[in-house]
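The residues making up each chain are set out below.
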Amino acid sequence: MAGIGGCIALIVVGAILTFASDWHMDSVNLDVVGLIMMGAGLLGLGVYGSVLRRRRVTALPVVDETRDRI
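Residues numbered from 1 in each chain as written. Predicted model: local features only at pLDDT ≥ 70, side-chain atom pairs only at ≥ 80, totals over all residues. Heavy atoms only, no water.

Draft legend 1. Examining the overall build of the protein chain more closely. Summing up its helical and strand segments, the protein chain has two helices and zero strands in all. Relative to its full complement of 70 residues, the protein chain shows a buried share of 13%. Restricting to contacts in the protein chain with at least 6 residues of sequence separation, those with at least 24 account for 52%. Surface accessibility of the protein chain: about 6100 Å² in total, with carbon and sulfur atoms responsible for 64%. (Helix = DSSP H or I, 4+ residues; strand = E, 2+ residues; numbered from the N terminus. Buried < 20%, exposed > 50% of the residue type's maximum accessible area, 1.4 Å probe, protein only. Contact = heavy atoms within 4.5 Å. Areas by Shrake-Rupley, 256 points an atom, 1.4 Å probe, with all protein chains shown as cover.)

What follows is the structure, given as C-alpha coordinates:
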(Lines give C-alpha, C1' and ligand atoms only; values in the text may rest on other atoms or scores of the structure.)
Protein backbone atom coordinates (compact mmCIF):
# COMPACT_ATOMS: atom_id res chain seq x y z
CA MET A 1 0.00 0.00 0.00
CA ALA A 2 1.38 3.31 -0.97
CA GLY A 3 0.30 6.86 -0.49
CA ILE A 4 -2.22 8.61 1.63
CA GLY A 5 -5.10 6.40 0.51
CA GLY A 6 -3.43 3.21 1.67
CA CYS A 7 -2.59 4.71 5.05
CA ILE A 8 -6.14 5.94 5.54
CA ALA A 9 -7.46 2.51 4.53
CA LEU A 10 -5.27 0.90 7.21
CA ILE A 11 -6.61 3.30 9.82
CA VAL A 12 -10.24 2.71 8.78
CA VAL A 13 -9.97 -1.08 8.70
CA GLY A 14 -8.13 -1.07 12.02
CA ALA A 15 -10.81 1.10 13.60
CA ILE A 16 -13.53 -1.19 12.30
CA LEU A 17 -11.77 -4.23 13.73
CA THR A 18 -11.19 -2.53 17.08
CA PHE A 19 -14.42 -0.65 17.71
CA ALA A 20 -17.15 -2.03 15.44
CA SER A 21 -16.63 -5.78 15.31
CA ASP A 22 -17.85 -8.33 17.80
CA TRP A 23 -16.08 -11.34 16.33
CA HIS A 24 -14.29 -13.59 18.78
CA MET A 25 -11.41 -15.80 17.73
CA ASP A 26 -9.50 -18.09 20.04
CA SER A 27 -6.08 -17.57 18.48
CA VAL A 28 -6.18 -13.88 17.48
CA ASN A 29 -7.25 -10.82 19.45
CA LEU A 30 -8.86 -8.61 16.80
CA ASP A 31 -8.73 -5.54 19.05
CA VAL A 32 -4.94 -5.74 19.12
CA VAL A 33 -4.76 -6.39 15.37
CA GLY A 34 -6.93 -3.30 14.80
CA LEU A 35 -4.76 -1.16 17.05
CA ILE A 36 -1.63 -2.34 15.24
CA MET A 37 -3.22 -1.52 11.87
CA MET A 38 -4.23 1.96 13.07
CA GLY A 39 -0.71 2.55 14.38
CA ALA A 40 0.82 1.42 11.10
CA GLY A 41 -1.52 3.74 9.20
CA LEU A 42 -0.62 6.71 11.40
CA LEU A 43 3.08 5.92 11.07
CA GLY A 44 2.69 5.66 7.30
CA LEU A 45 0.94 9.03 7.16
CA GLY A 46 3.76 10.59 9.16
CA VAL A 47 6.45 9.12 6.93
CA TYR A 48 4.55 10.01 3.75
CA GLY A 49 4.03 13.58 4.96
CA SER A 50 7.69 13.94 5.83
CA VAL A 51 8.82 12.67 2.44
CA LEU A 52 6.26 14.83 0.64
CA ARG A 53 7.40 17.94 2.52
CA ARG A 54 11.02 17.32 1.55
CA ARG A 55 10.09 16.68 -2.06
CA ARG A 56 8.16 19.95 -2.37
CA VAL A 57 11.13 22.09 -1.39
CA THR A 58 12.57 23.40 -4.63
CA ALA A 59 15.52 25.61 -5.29
CA LEU A 60 14.73 29.10 -6.48
CA PRO A 61 16.26 30.15 -9.79
CA VAL A 62 19.37 32.28 -9.57
CA VAL A 63 18.83 35.76 -10.99
CA ASP A 64 21.91 37.71 -12.02
CA GLU A 65 21.01 41.34 -11.42
CA THR A 66 24.54 42.63 -12.04
CA ARG A 67 24.39 41.89 -15.77
CA ASP A 68 24.05 44.94 -18.02
CA ARG A 69 20.63 45.39 -19.54
CA ILE A 70 20.30 46.28 -23.18
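Draft legend 2. Spotlight on the environment of Leu-30. Among the structural elements, Leu-30 can be located in helix 2 (residues 30–56). For Leu-30, a relative accessible area of 11% gives the class buried. Along the sequence, Leu-30 and Leu-17 sit 13 residues apart, while their C-alpha atoms lie 6.1 Å from each other. In this structure, Leu-30 is in contact with Leu-17, Trp-23 and Met-25, ignoring residues within four places of it in sequence.

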